[in-house]
Amino acid sequence: MRCLAARPSAAVKAQAWAQVVESDQLSNALVEATIAGFGQASQRELLAPYAEKYFAAIERVWSERSIQIGMHVVRGLFPSLQDSPATLEATDAWLAAHEGAAPALRRLVLEARDDLARALRAQACDRAAGD
């Protein structure tokens, strides 16, 4: 599943997303493998449309699926590969709009947000050092 989801195709990404987020037919191991293949750094353009979809889906996935699947989806599909201030803004907007979301869900989103913020700060330092 990992290799199948890693293929550089919009149709492949849509199918992988549907299998993981919209369906509950995959086992925990197959969900994990599909997510691992889905997010490829060299495929940022293909992944860009899923940032908005991620924030629209995570609360539903969290409430409808097992804790293990919920954790895989929230951690694994966080749009960190978009590594932009816009992703931070979208994360902050989701957190502000979902103050009543499950505490564990909010914690996972906050942790992913903080990881992205650290990465962006490190990139800025690297750029400044290169000047």
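From a predicted model like this one, the values you see are computed outputs, not experimental measurements. (Residues numbered from 1 in each chain as written. Predicted model: local features only at pLDDT ≥ 70, side-chain atom pairs only at ≥ 80, totals over all residues. Heavy atoms only, no water.)

Things to note about the pattern of salt bridges
Tallied over the full model, the rule gives 6 salt bridges. Among the ionic pairs, Asp115 bridges to Arg118, the shortest N-O distance being 2.3 Å. On the criterion of helical spacing, the pair formed by Asp115 and Arg118 is a turn pair, its members being 3 residues apart in helix H8 (residues 103–130). What makes Asp115 partly exposed here is its relative accessible area of 46%. Taken together, the shared-partner salt bridges connect Glu22, Arg60 and Glu64 into one network. (Salt bridge = Lys/Arg side-chain N within 4 Å of Asp/Glu carboxyl O. Helix = DSSP H or I, 4+ residues; strand = E, 2+ residues; numbered from the N terminus. Buried < 20%, exposed > 50% of the residue type's maximum accessible area, 1.4 Å probe, protein only.)

Things to note about the nonpolar core
Tyr54 and Leu77 are the most contacted members of the largest nonpolar core, which totals 33 residues. Going through the elements one at a time, helix H2 (10–22), helix H3 (28–38), helix H5 (50–64), helix H6 (67–76), helix H7 (85–97) and H8 are the ones with two or more residues in this core. With residues up to four places along the chain from it excluded, the contact list for Leu77 reads Trp17, Val20, Val21, Ile35, Phe38, Tyr54 and His72. (Core = buried A, V, L, I, M, F, W, Y, C linked by side-chain atoms within 4.5 Å. Contact = heavy atoms within 4.5 Å.)

Description of the side chain of Thr87
For Thr87, the location among the structural elements is in helix H7. Here Thr87 is in contact with Phe78, Pro79, Gln82 and Leu116, once residues within four sequence places are set aside.

Some thoughts on the packing of aromatic side chains
A complete count under the given rule lists 6 aromatic pairs for this structure. Seen in terms of ring centroids, Tyr54 and Phe55 are 5.0 Å apart; in terms of plane orientation they differ by 85°. Their pairing is edge-to-face. Comparing Tyr54 with Phe55, the two get one shared label, buried. Members of the aromatic cluster, each reached through a chain of ring pairs, are Trp17, Phe38 and Tyr50. (Phe/Tyr/Trp six-rings, centres within 6.5 Å; stacked < 30°, edge-to-face > 60°.)

Side note on H5
Between its terminal C-alpha atoms H5 stretches 20 Å, which fits the 21 Å expected from 15 residues at 1.5 Å a residue. Of all the bends in H5, the largest measures some 40° and sits at Ala57. Burial in H5 covers these residues: Tyr50, Ala51, Tyr54, Phe55, Ala57, Ile58, Val61 and Trp62. On its buried side, H5 packs onto H2, H3, helix H4 (44–47), H6, H7 and H8. (Expected span 1.5 Å × (residues − 1). Bend = angle between axes of the 7 residues up to and from the residue.)

Some thoughts on the environment of Leu110
Mapped onto the secondary structure, Leu110 falls in helix H8. For the pair Leu110 and Ala90, spaced 20 residues apart in sequence, the C-alpha separation works out to 12 Å.

Bear in mind that shape data such as this cannot, by itself, settle questions of function.
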